[in-house]
Amino acid sequence: MGEGKKQVGVLGLGRMGAALAGALLGAGHDVVVWNRSPLKAGPLVDRGARLAATPAEAASADVVLSCLSTYDIQQPVLEAASPKVLVNLTSGTPAEARSAAAWASSAGIDYVDGVIMAVPQGIGTAQSRILYGGSPTAFSAQREVLSVLGEPVFLGEDAGLAALYDLALLGIMWSTMAGYLQALALVGTEGVAPAAFTPMALSWLSAVGGFLPGIGAQVASGEYATDVSALDINAAGLGLLVETSRAQGIDASVPAAVRELFDRAVASGHGAHAIASVIEEIR
Ligand SMILES: NC(=O)c1ccc[n+]([C@@H]2O[C@H](COP(=O)([O-])OP(=O)(O)OC[C@H]3O[C@@H](n4cnc5c(N)ncnc54)[C@H](OP(=O)(O)O)[C@@H]3O)[C@@H](O)[C@H]2O)c1
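Source: prediction; values computed, not measured. (Residues numbered from 1 in each chain as written. Predicted model: local features only at pLDDT ≥ 70, side-chain atom pairs only at ≥ 80, totals over all residues. Heavy atoms only, no water.)

Notes on the overall build of the protein chain
- Per the secondary structure count, the protein chain includes eleven helices and eight strands.
- Based on the C-alpha atoms only, the size of the protein chain along its principal axes is roughly 60 × 45 × 30 Å.
- For the protein chain, the residues scored as buried account for 39% of the 283 residues in total.
- Within the protein chain, contacts between residues at least 6 apart in sequence are counted, and of these 55% link residues at least 24 apart.
- Carbon and sulfur atoms provide 61% of the accessible area of the protein chain, an area that totals close to 14,500 Å².
- In the protein chain, 15 side chains carry a positive charge and 25 a negative one; their mean positions are 7 Å apart. (Helix = DSSP H or I, 4+ residues; strand = E, 2+ residues; numbered from the N terminus. Buried < 20%, exposed > 50% of the residue type's maximum accessible area, 1.4 Å probe, protein only. Contact = heavy atoms within 4.5 Å. Areas by Shrake-Rupley, 256 points an atom, 1.4 Å probe, with all protein chains shown as cover. Lys, Arg positive; Asp, Glu negative; His and termini not counted. Charge placed at Lys NZ, Arg CZ, Asp CG, Glu CD.)

Right under this line is the structure:
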């Protein structure tokens, strides 16, 4: 272990936990790992990690990262571990994160809640960003270690905010993927292969991304006037997509759900407004 390197405990060696431990080993940290199924630690032990027999043994480290399937599964492990400083990287809801933070506070544990905006293969690369909330002192003290895993972004003292950002960002991803799959199915009805369509989808997505700051500014101001494209025209367009999807023999539930939402916003009086006005209906 080199100068400035820490002892880091990692609880959970699933796909993500193993990637976290691997990146920490690669950066020269002294890593002690625990997993319910100890056999999974083999490749990490070969690279210099120590295998702890119990969560408590791993939790004697300077800082402990936890990455298990769910908060419910994680809680008994954390109670058995009782670390000094805990960075929880298990995904959950803001309420679960706040409840874990309250438990940690009552147990005298310095707590940071994080969400990983990357896949295991991206950990330790420029493609990885991890959002954190919770104890600012613990975050600052562990910033160097956390930087090994991905770009660390601290959102503030609310331990639930990272989970809220996580779900908000994943929501964008899931909606986009559902839209893309709908598109592939639609053009596929006429024999267009994904490889032929995807380059056009990518450049279109980049153009659509360019609309986001303007939509965000309208949402922030509550001013929905537009000289670009009114909601009623978009709702009508969605109607065409639903009709064509059905006519081509494919499922239309994704565009139909968006159309139903847009139609309600039109019925509420936003037909001449910009798409941003749909937020009034969502709220
Ligand atoms: N994979 C991703 O792309 C990704 C991205 C961002 C965030 N995350 C989050 O990271 C967390 C872990 O995901 P993962 O992909 O690593 O999942 P995974 O490969 O399924 O690993 C699950 C981990 O939880 C442990 N576990 C499950 N049930 C347990 C129990 N009853 N008692 C003790 N340990 C138990 C497993 O231990 P065993 O090995 O003994 O089964 C394993 O260490 C999740 O909250 C996930 O949402 C994952």
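Here's the deal with the environment of F139
- Along the chain, F139 falls in helix α6 (residues 136-147).
- Taking C-alpha positions, F139 is 9.9 Å from G156, a pair spaced 17 residues apart along the chain.
- Contacts of F139, omitting those with residues within four sequence positions, involve V112, Y132, L146, P152 and F154.

Quick look at the domain arrangement of the protein chain
- Taken domain by domain, the protein chain consists of domain 1 (7-158) and domain 2 (189-282).
- Between the C-alpha centres of domain 1 and domain 2 the distance comes to 39 Å. (Domains from an automatic or database assignment.)

Observations regarding a nonpolar patch on the surface
- On the surface, Y165, L169 and I172 cluster together to form a nonpolar patch covering roughly 280 Å² of accessible area.
- Here L169 shows up in helix α7 (residues 161-188). (Patch = residues over 30% accessible without salt bridge, like charges linked within 9 Å, V, L, I, M, F, W, Y side chains within 5 Å. Salt bridge = Lys/Arg side-chain N within 4 Å of Asp/Glu carboxyl O.)

Let's talk about α7
- Taking 1.5 Å of rise per residue, 28 residues should cover 40 Å, and α7 covers 40 Å from first to last C-alpha, within 8% of that figure.
- Summarising the contacts, the buried residues of α7 are in contact with α5 (94-106), β6 (110-117), β7 (129-134), α8 (194-221), α9 (231-247) and α10 (253-270). (Expected span 1.5 Å × (residues − 1).)

As for unusual backbone geometry
- Although it is not a glycine, S82 adopts a positive phi angle of roughly 50°.
- Relative to the assigned elements, S82 resides in the loop between α4 (71-81) and β5 (85-88).
- By relative accessible area, which is 46% here, S82 ends up partly exposed.

Quick word on the site of the ligand
- Close to the ligand lie 19 residues, the nearest being R15, M16, N35, S37 and K40.
- Taking K40, its side chain carries an N or O atom lying 2.6 Å from an oxygen atom of the ligand.
- Protein coverage of the free-state accessible area of the ligand, which is 900 Å², stands at 75%.
- Residue composition of the shell around the ligand, by class: nine nonpolar, seven polar and three charged. (Near = heavy atom within 4 Å. Polar contact = N/O pair within 3.5 Å; in protein donor to acceptor, adjacent residues only side chain to side chain. Nonpolar A, V, L, I, M, F, W, Y, C, P; charged D, E, K, R; others polar.)

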